[in-house]
Amino acid sequence: MSADIIDGKAFAAALRARIAGQVETFIAAAGRPPGLAVVLVGEDPASAVYVRSKHKAVREAGMEGFEYRFPADVPEAELLALVDRLNADVNVDGILVQLPLPAHIDERIVTTRIDPDKDVDGFHPVNAGRLATGLHGFVPCTPLGCLMLLRDRLGDLSGLDAVVIGRSNIVGKPMAQLLIKESCTVTVAHSRTRDLSSVVRRADIVVAAVGRPEMIRGEWIKPGATVIDVGINRTAAGLVGDVDFAGAASVAAAITPVPGGVGPMTIAVLLRNTLVSAHRRAQVPFDKDAL
Ligand SMILES: NC(=O)C1=CN([C@@H]2O[C@H](COP(=O)(O)OP(=O)(O)OC[C@H]3O[C@@H](n4cnc5c(N)ncnc54)[C@H](OP(=O)(O)O)[C@@H]3O)[C@@H](O)[C@H]2O)C=CC1
Ligand SMILES: Nc1nc(=O)c2c([nH]1)NC[C@@H]1CN(c3ccc(C(=O)N[C@@H](CCC(=O)O)C(=O)O)cc3)C=[N+]21
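The structure displayed is predicted, hence computed values, not measured ones.

The rules behind the values
- Residues numbered from 1 in each chain as written.
- Chains lettered and ligands numbered in written order.
- Predicted model: local features only at pLDDT ≥ 70, side-chain atom pairs only at ≥ 80, totals over all residues.
- Domains from an automatic or database assignment.
- Helix = DSSP H or I, 4+ residues; strand = E, 2+ residues; numbered from the N terminus.
- Buried ≥ 20, exposed ≤ 12 C-beta atoms within 10 Å, placed from the backbone.
- UniProt positions renumbered as here; feature names shortened; annotations may be inferred.
- Contact = placed C-beta atoms within 7 Å.
- Near = placed C-beta within 6 Å.
- Nonpolar A, V, L, I, M, F, W, Y, C, P; charged D, E, K, R; others polar.
- Expected span 1.5 Å × (residues − 1).
- pLDDT = per-residue confidence, 0-100.
- Pairing = 2+ DSSP bridges.
- Right-handed = clockwise from strand over helix to strand, strands pointing away.

1. A word on the domain arrangement of the protein chain
Part 1 of the argument: Partitioning the protein chain into structural domains gives domain 1 (30-115) and domain 2 (141-262).
Part 2 of the argument: Each of domain 1 and domain 2 has a C-alpha centre, and the two are 29 Å apart.

2. Examining unusual backbone geometry
Part 1 of the argument: For the bond from L99 to P100, the omega torsion is 0 degrees, close enough to zero to count as cis.
Part 2 of the argument: Considering the arrangement of structural elements, one finds P100 in the loop between β4 (94-97) and α4 (107-113).
Part 3 of the argument: For the bond running from V258 to P259, omega is 0 degrees, close enough to zero to count as cis.
Part 4 of the argument: Along the polypeptide, P259 turns up in the loop between β11 (254-255) and α10 (262-282).
Part 5 of the argument: A positive phi angle, near 70 degrees, is found at S183, a position not held by glycine.
Part 6 of the argument: Here S183 is to be found in the loop between α7 (172-181) and β6 (185-189).
Part 7 of the argument: Its 12 C-beta neighbours within 10 Å are what place S183 among the exposed residues.
Part 8 of the argument: One non-glycine residue, D195, lies in positive phi territory at about 55 degrees.
Part 9 of the argument: Within the element layout of this structure, D195 appears in the loop between β6 and α8 (196-201).

3. Points about the UniProt feature "binding site: NADP(+)" (unreviewed entry) in the protein chain
Part 1 of the argument: UniProt's entry tags G166, R167, S168 and I232 with the feature "binding site: NADP(+)" (unreviewed entry), counted in the numbering of this structure.
Part 2 of the argument: If we skip the residues at most four places from it in the chain, S168 touches K173 and A209.
Part 3 of the argument: With respect to the element layout, I232 can be found in the loop between β8 (226-229) and β9 (233-235).
Part 4 of the argument: Overall, the presence of 20 C-beta atoms within 10 Å leaves I232 in the buried class.
Part 5 of the argument: With near-sequence residues (within four places) excluded, I232 lies in contact with L239, V258 and G263.

4. Section: the UniProt feature "domain: Tetrahydrofolate dehydrogenase/cyclohydrolase NAD(P)-binding" (unreviewed entry) in the protein chain
Part 1 of the argument: Residues annotated in UniProt with the feature "domain: Tetrahydrofolate dehydrogenase/cyclohydrolase NAD(P)-binding" (unreviewed entry) correspond here to residues 140-280.
Part 2 of the argument: Taken end to end, residues 140-280 is 38% helix and 18% strand, and its two terminal C-alpha atoms sit 18 Å from one another.

5. So, the site of ligand 2
Part 1 of the argument: The immediate surroundings of ligand 2 are formed by 18 residues, with L99, P259, G260, G263 and T266 found nearest.
Part 2 of the argument: Counting only elements with at least two residues in the shell around ligand 2, the list comes to α2 (45-60), β4 and α10.
Part 3 of the argument: Of all the elements, α10 adds the most residues to the shell around ligand 2, at four residues.
Part 4 of the argument: Residues belonging to the shell around ligand 2 are distributed by class as follows: twelve nonpolar, five polar and one charged.

6. What to know about α10
Part 1 of the argument: Taking 1.5 Å as the rise per residue, α10 with 21 residues should run 30 Å; its terminal C-alpha atoms sit 30 Å apart, in good agreement.
Part 2 of the argument: Among the 21 residues that make up α10, 18 are buried, leaving the element largely enclosed by the rest of the structure.

7. Comments concerning the confidence of the model for the protein chain
Part 1 of the argument: With 100% of its residues at a pLDDT of 70 or more, the protein chain has an overall mean of 97.
Part 2 of the argument: Both scores are given for the predicted complex: the pTM is 0.98, the ipTM 0.97.

8. Structural notes on the site of ligand 1
Part 1 of the argument: In the vicinity of ligand 1 there are 25 residues, among which G166, S168, S191, G211 and T266 approach most closely.
Part 2 of the argument: Of the residues forming the shell around ligand 1, the biggest block, three residues, is contributed by α10.
Part 3 of the argument: Split into classes, the residues belonging to the shell around ligand 1 amount to ten nonpolar, twelve polar and three charged.

9. What about the pairing of strand β2 (residues 35-41)?
Part 1 of the argument: By the criterion of burial, β2 is predominantly enclosed, with seven of the seven residues buried.
Part 2 of the argument: Both faces of β2 are covered, namely the face carrying G35, A37, V39 and V41 and the face carrying L36, V38 and L40.
Part 3 of the argument: Two strands pair when backbone bridges link them, and β2 and strand β3 (residues 64-70) are joined in this way by seven bridges, in the parallel orientation. Paired with A37 across the bridge in β3 is F66.
Part 4 of the argument: Read as a crossover between parallel neighbours, the route from β2 over α2 to β3 is right-handed.

Quick look at the structure:
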């Protein structure tokens, strides 16, 4: 193994500490803490774990967490009524409805009901449009966390060849948008891509967001590339990413591990987005780029 391991967990912990400092300043100015509402529908054990760790992080940062749980058979209208209430609640700066939702609930309708200016997940089409057109808005937490790790590692990304594997609205597409903004030459691969190995081989930056354990092979990676593994796959062998870690680590310059890479960044950026939202809504000036 020759690659540097990108310690997302440590990077996220440092970011959270800076956020906690800014939360104190915000409370002094606004007279209230930043508030994040998290809504969980159903009993999916993985979702319950994520929601718990989000809440812990919210409290540790000095923010206020509002938690709502519904049984899996909650009517869509009831969920929408809660979103309406949270949109109107002055103490709520961010709203997150944990995905996936049960099949009888239309995720697009729920996502679109959230006030775009409280949409700290960045999933609302208004925020997707803002990102695509270069306007200020919320950027989805996972891709923004990946970008922070890339910039920390590589500095200026301009001119680099980047390949994003996956084109979901929550990871692949916004990741590609961010890399375009950084002046990378971006290729987006997906399940219909022909000859994925050759596409990956060109890349200075590989972002894997597929959801298939260890699908991206070490032999595909260009020597010296930087590999960001978004995948979270639960297998008999434990938690693994979308990248063949040992194989890729023997050729890449740097790689994120799973766990301890992108996952902790997602939660730290959620706190960051909530802090940014709180400042905007309370009209307290804040330099988010100094975080
Ligand atoms: N670390 C974190 O914080 C987070 C991790 N994740 C993880 O990231 C992974 C991706 O999540 P998400 O984007 O929501 O997943 P989706 O299932 O929504 O998207 C997966 C993408 O991978 C593509 N794909 C599927 N099979 C192949 C293949 N054989 N070759 C190339 N591309 C393929 C799909 O292509 P097509 O569009 O053609 O179907 C699709 O675009 C998952 O493991 C998820 O658990 C997700 C969010 C946060
Ligand atoms: N509205 C919404 N917003 C999300 O941001 C969202 C979502 N729904 N649904 C599910 C996905 C997934 N996701 C993760 C968050 C943290 C870790 C994380 O902390 N992972 C740890 C390991 C945790 C473990 O052991 O499972 C790590 O990689 O080190 C992973 C994945 C957020 N998501």
